[in-house]
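Each chain, letter by letter, is given below.
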Amino acid sequence: HSRSLDIKSIIADPNFVADEDTEIYGKSFCFTGALDRMLRKDACQIVVNMGGSLTSGVTKKTDYLVLGSTDYCKTIKDGKTSKQKKAEQLQKAGSDIMVITEDVFYQMIEE
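It should be emphasised that the depicted structure is a prediction, and the values quoted were computed from it without experimental measurement.

Draft legend 1. Region of interest: the environment of Asp96. Among the secondary structure elements, Asp96 is positioned in the loop between α2 (82-92) and β4 (98-101). Residues Asp96 and Thr62 lie 34 residues apart in sequence; the distance between their C-alpha atoms is 8.5 Å.

Given below as structure tokens:
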């Protein structure tokens, strides 16, 4: 279940014209947990098609951390993934990273 997704293998669909006015264009996204409405690979493809980029881990360059469900994972303490904890540390240090729910992500891609 924890097969690693190679985000470098995801390239923008040449038939898709990215709209520079979306919240996704030019922003960096990281995903944690399992998405309910689509596969993570598909969500990543949408981000790339819309002119965003992907990070496999949370860094100072990450703009958004999308929180999926963590119910399946027994190793998570306090209901937070290591990526979520890292994002919170960066926020405390002054980073602009935003932690958003899966639903907020879907609203962003549907605009």
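Draft legend 2. A look at the pairing of strand β1 (residues 28-32). Counting buried positions over the five residues of β1 gives five, a clear majority of the element. Taking every second residue as pointing to the same face, both faces of β1 are buried, with Ser28, Cys30 and Thr32 on one and Phe29 and Phe31 on the other. With two bridges joining them, β1 and strand β2 (residues 53-54) adopt parallel strand pairing. If you follow Phe29 over to β2, its bridge partner there is Leu54. Between the parallel elements β1 and β2, the chain passes through helix α1 (residues 40-49) in a crossover that is right-handed. Relative to strand β3 (residues 64-67), β1 runs parallel, the two being bridged by four bridges. Bridge pairing links Cys30 to Leu65 in β3.

Basis of the calculations
- Residues numbered from 1 in each chain as written.
- Predicted model: local features only at pLDDT ≥ 70, side-chain atom pairs only at ≥ 80, totals over all residues.
- Heavy atoms only, no water.
- Helix = DSSP H or I, 4+ residues; strand = E, 2+ residues; numbered from the N terminus.
- Buried < 20%, exposed > 50% of the residue type's maximum accessible area, 1.4 Å probe, protein only.
- Pairing = 2+ DSSP bridges.
- Right-handed = clockwise from strand over helix to strand, strands pointing away.

Purely geometric stuff here, so don't read any function into it on its own.
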